[in-house]
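Observations on the three-dimensional arrangement
Here's the letter readout for the chains.
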Amino acid sequence: MLEIEIDGKQVQVQDGSTVMDAAAAAGAYIPHFCYHKKLSIAANCRMCLVQVEKAPKPLPACATPVTNGMKVWTHSEQAVKAQKGVMEFLLINHPLDCPICDQGGECQLQDLAVGYGASASRYEEEKRVVFNKNLGSLVATDMTRCINCTRCVRFTAEIAGEMELGQAFRGEHAEIMPFIEKTVDSELSGNIIDLCPVGALTSKPFRFAARTWELSRRKSVSPHDSLGSNLIVQTKHDVVKRVLPLDNEEINECWLSDKDRFSYDALNGEDRLTTPMIKQGGEWKPTDWQRALEFVATGLRDVARDFGPSSIGALASPHSTVEELHLLQKFVRALGSDNVDFRLRQSDFSADGGRKGAPWLGMPVASVGELNRLLVVGSFLRKDAPLLAQRVRQAAKRGLHVSAIGPNAEEWLIPVRHRSLVAPSQMVPVLAQVVVALAAEKGAEPAESVRAMLPQTVSDDAREIARSLAGGSKVAVWLGNLASQHEQAAQLELLAQEIARLAGGSAGTIGEAANSMGGYLAGAVPTAGGLNARTMIEQPRKAYVLLGLEPDLDHANPAAAMSALSSAQLVVALTAFASPSLREVADVLLPIAPFTETSGTFVNCEGRAQSFNAVARPLGENRPGWKVLRVLGNLLQAEGFEYADSESVRADALGSDFASRLDNGLELASPSVPAVPGNGLERVADVPIYFADPLVRRAPALQKTRDAAAPSARMAGTTLAGLGLSAGDRIRVKGAGQIEIVAVADEGVAPGCVRIAAAHIATAALGPMSGLLSVERV
């Protein structure tokens with residue numbers, strides 16, 4: 001520890017701290033623009049000049065290291081004169097845009113100009129003009145306002161991982177610009193809006209929508225990926241106008257992914273369902289809530305009476321709240337059925353009955369930076385969990401060794417030390433090889449539970465991965481979305497846990513949605529005798545209750561799901577959006593509120609339960625989903641539906657000890673080596689970042705980005721050559737169904753595989769997310 005005196009106040013700080021750090025510890029504010037606690041030090045704005053004892057001239061506080069006994073004055077005559085001089089230079093070319101600037105009211109330059117600016121400018125020459133840059137559909141530019149703090153440049157290079165912006169030219173001619181007129185396509189690009197201290201970079205969807213002082217601010221939680229980012233949702237007249245990050249160092253730090261930031265744009269879309277609807281004679285007719293709910297209760301009661309309670313099934317989106325999932329399973333079980341599931345895209349349910357608790361990440365998110373070895377199995381990490389990938393990216397800079405196993409090798413912008421690029425059918429054998437090699441490295445015996453899967457020979461890739469894991473002191477093994485949706489997901493999970501045990505680390509599941517963990521805790525899974533999400537479709541039920549999903553996009557087998565629902569006698573859909581697929585298969589549509597119009601809870605990947613309240617009044621006749629399910633329970637005269645608020649539902653669902661129910665322990669009856677697949681290409685199905693749930697699918701700005709491009713059939717060059725195809729050919733792909741699509745060469749796809757995105761209307765007819773496909777030129 002070093003001692004420093006700031007404005008007469010003694011402070012102790014860590015060796016290596018800067019004067020800016022010491023000032024923060026002392027509670028002294030130093031004006032600044034280019035400095036940011038999460039970015040490298042640039043010291044190019046010079047606004048933080050301070051007086052330091054024995055220094056011949058003022059020094060930048062952000063770049064001046066503390067020395068023992070140093071004396072600093074942040075508001076002395078010398079310091080303030082220097083700061084005012086810098087402000088005068090910054091304002092020389094700055095336009096007088098404040099009346100029309102979206103940054104007005106929350107602009108650092110505007111705020112500091114009040115204290116450090118002059119009442120008039122001595123500069124009489126013409127001001128420079130900088131042409132605006134096209135950064136894409138999310139970020140608007142007014143580059144004449146730019147003060148060249150380079151925060152955006154450093155963010156894209158250091159946090160987002162790819163240098164998409166740079167500074168060209170020198171002196172007053174310096175400009176921030178993208179390279180070769182490219183747009184900024186990072187999934188974290190919206191953060192440069194928050195970082196910009198002036199109005200040079202602003203939100204395109206929010207542009208001219210409201211003034212910051214007109215907005216009400218409410219805390220909330222992201223309903224998208226499994227991280228559960230904390231949000232500030234800003235509204236005007238009960239309409240969501242903007243979403244900003246709420247600082248939480250343990251979860252999302254001060255960042256947001258673009259999915260979390262811009263999905264609000266869909267909340268007032270044209271297909272929002274605003275009134276209950278009943279299908280009569282093939283036509284949809286609006287009705288009132290009383291009639292709609294009585295129609296549902298009577299219909300389900302009749303189906304249970306005529307065909308038995310087990311003829312009713314319930315499918316829920318993992319983006320639903322804990323309260324909604326808990327009341328859904330309680331409602332269905334009140335009818336006498338155990339057929340309820342939220343794991344819509346999962347295909348292997350052999351672990352059911354063998355789990356010791358709810359699966360989770362196996363470690364706190366904030367501890368990612370402490371890891372020195374990480375094995376990621378079956379994941380599209382960068383797009384599936386952008387801010388978790390960002391934490392891994394920062395940890396890799398500090399020495400974390402990342403290894404990966406799976407059929408995909410797209411650019412994560414993270415150095416991957418060792419990779420085994422194999423087809424989905426080979427993932428279990430490769431993991432088993434890692435177990436064998438790691439046991440040899442550690443001089444230990446593999447557990448009895450996995451010995452039936454272990455091979456006699458070990459590949460070089462598996463041996464390198466095992467050697468890397470054996471050399472770590474803090475090790476983690478993560479199963480991504482592709483692993484969870486794999487046809488041998490349970491075996492992958494069992495082997496991952498054995499690798500973690502041998503390495504002395506932790507194993508866990510990243511999870512695909514906001515409540516991938518909360519759904520287990522809420523009891524929205526079948527117990528003994530109940531049917532899972534896959535079986536409910538393969539063995540069609542007479543009646544279905546759907547919560548927050550679109551069957552043609554959110555199920556592992558969209559075509560089969562649509563077929564099963566079409567054949568049902570009654571389909572009840574609780575939804576915020578009247579999608580074409582729901583209009584086709586449902587008999588009644590009940591409008592439920594999205595996350596901004598209801599209260600609820602999400603349990604993130606680390607097992608943290610985060611509750612939130614509504615930030616706006618429900619649109620039209622929308623009602624919170626938990627209230628709708630509570631009333632349906634009352635209409636059935638079922639016990640245990642006397643809830644006054646969502647907090648009491650949460651208490652019933654989670655209890656006070658829910659954390660003790662988080663357990664990745666797993667026992668499989670008879671794990672074995674998977675069968676060798678037949679002839680054909682193995683499908684690798686990712687869920688594109690902006691098609692993962694109903695909300696992002698409808699966000700206009702997100703749908704204009706590169707990540708929202710139409711799916712293609714991506715294959716390695718050798719695979720294309722073996723089929724006699726070339727990149728750009730239009731091909732016919734056949735599985736359970738068939739589609740026509742464009743072939744693209746991609747060396748990040750394992751040989752013998754074809755990567756075709758799921759959750760998209762263009763690929764829904766193809767069938768299951770996994771399996772064998774045939775390909776031919778059209």
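Residues numbered from 1 in each chain as written. Predicted model: local features only at pLDDT ≥ 70, side-chain atom pairs only at ≥ 80, totals over all residues. Heavy atoms only, no water.

**Section: the UniProt feature "domain: 4Fe-4S His(Cys)3-ligated-type" (unreviewed entry) in the chain**
Sequence positions flagged by UniProt for "domain: 4Fe-4S His(Cys)3-ligated-type" (unreviewed entry) are, in local numbering, residues 78-117. The span residues 78-117 is 60% helix and 0% strand, and its two end C-alpha atoms sit 16 Å from each other. (UniProt positions renumbered as here; feature names shortened; annotations may be inferred. Helix = DSSP H or I, 4+ residues; strand = E, 2+ residues; numbered from the N terminus.)

**As for the pattern of salt bridges**
All chains considered together, the criterion is met by 48 salt bridges. Arg122 serves as the salt-bridge partner of Glu88, at 2.8 Å between the closest nitrogen and oxygen. You can see Glu88 sitting in helix 2 (residues 77-92) and its partner Arg122 sitting in the loop between helix 3 (108-116) and strand 6 (139-141), a full 34 residues away along the chain. The class of Glu88 is partly exposed, set by a relative accessible area of 30%. A salt bridge links Glu370 to Lys474, with the nearest nitrogen and oxygen atoms 3.8 Å apart. Residue Glu370 is found in the loop between strand 16 (340-341) and strand 17 (373-377), and its partner Lys474 is found in the loop between helix 12 (460-470) and strand 20 (475-479); the two are separated by 104 residues along the sequence. Looking at Lys474, the relative accessible area reads 42%, which means it is partly exposed. One continuous salt-bridge network, built from bridges that share partners, spans Asp271, Arg345, Glu512, Glu550, Asp554, Arg697 and Arg698. (Salt bridge = Lys/Arg side-chain N within 4 Å of Asp/Glu carboxyl O. Buried < 20%, exposed > 50% of the residue type's maximum accessible area, 1.4 Å probe, protein only.)

**Observations regarding the pairing of strand 15 (residues 312-316)**
Most of strand 15 is tucked away: five of the five residues are buried. The alternating pattern of strand 15 places Ile312, Ala314 and Ala316 on one face and Gly313 and Leu315 on the opposite face, and all of these are buried. As paired elements, strand 15 and strand 16 share two bridges and run parallel to each other. Paired with Ala314 across the strands is Val340, a residue of strand 16. (Pairing = 2+ DSSP bridges.)

**Some details on the UniProt feature "domain: 4Fe-4S Mo/W bis-MGD-type" (unreviewed entry) in the chain**
As recorded in UniProt, the sites labelled "domain: 4Fe-4S Mo/W bis-MGD-type" (unreviewed entry) are residues 215-271. What you have in residues 215-271 is 9% helix and 35% strand, and the ends, taken at the C-alpha atoms, are 25 Å apart.

**Let's talk about a nonpolar patch on the surface**
Together, Met163, Phe179 and Ile180 line one region of the surface with nonpolar side chains, adding up to about 350 Å² of accessible area. Here Met163 shows up in the loop between helix 4 (151-158) and strand 7 (165-168). Among the residues examined, Met163 registers a relative accessible area of 47% and is labelled partly exposed. (Patch = residues over 30% accessible without salt bridge, like charges linked within 9 Å, V, L, I, M, F, W, Y side chains within 5 Å. Areas by Shrake-Rupley, 256 points an atom, 1.4 Å probe, with all protein chains shown as cover.)

**Section: the sheet that holds strand 24 (residues 588-591)**
Judged by pairing direction, the sheet is mixed, and its seven strands sit side by side in the order 14-13-24-23-22-15-16 without closing on themselves. Of all the strands in the sheet, just strand 14 (283-286) and strand 16 have a single pairing partner and so form its edges. Pairing analysis gives two bridges linking strand 13 (residues 277-280) to strand 24, with the strands arranged antiparallel. Residue pairing in the sheet places Met277 in a bridge with Leu589 of strand 24. Across the sheet, helix 7 (residues 289-307) is in contact with strand 13, strand 15, strand 22 (543-547), strand 23 (570-575) and strand 24; its angle to strand 24 comes to roughly 130°. (Contact = heavy atoms within 4.5 Å. Axes fitted to C-alpha atoms, helices over the stretch in contact; angles between N-to-C directions.)

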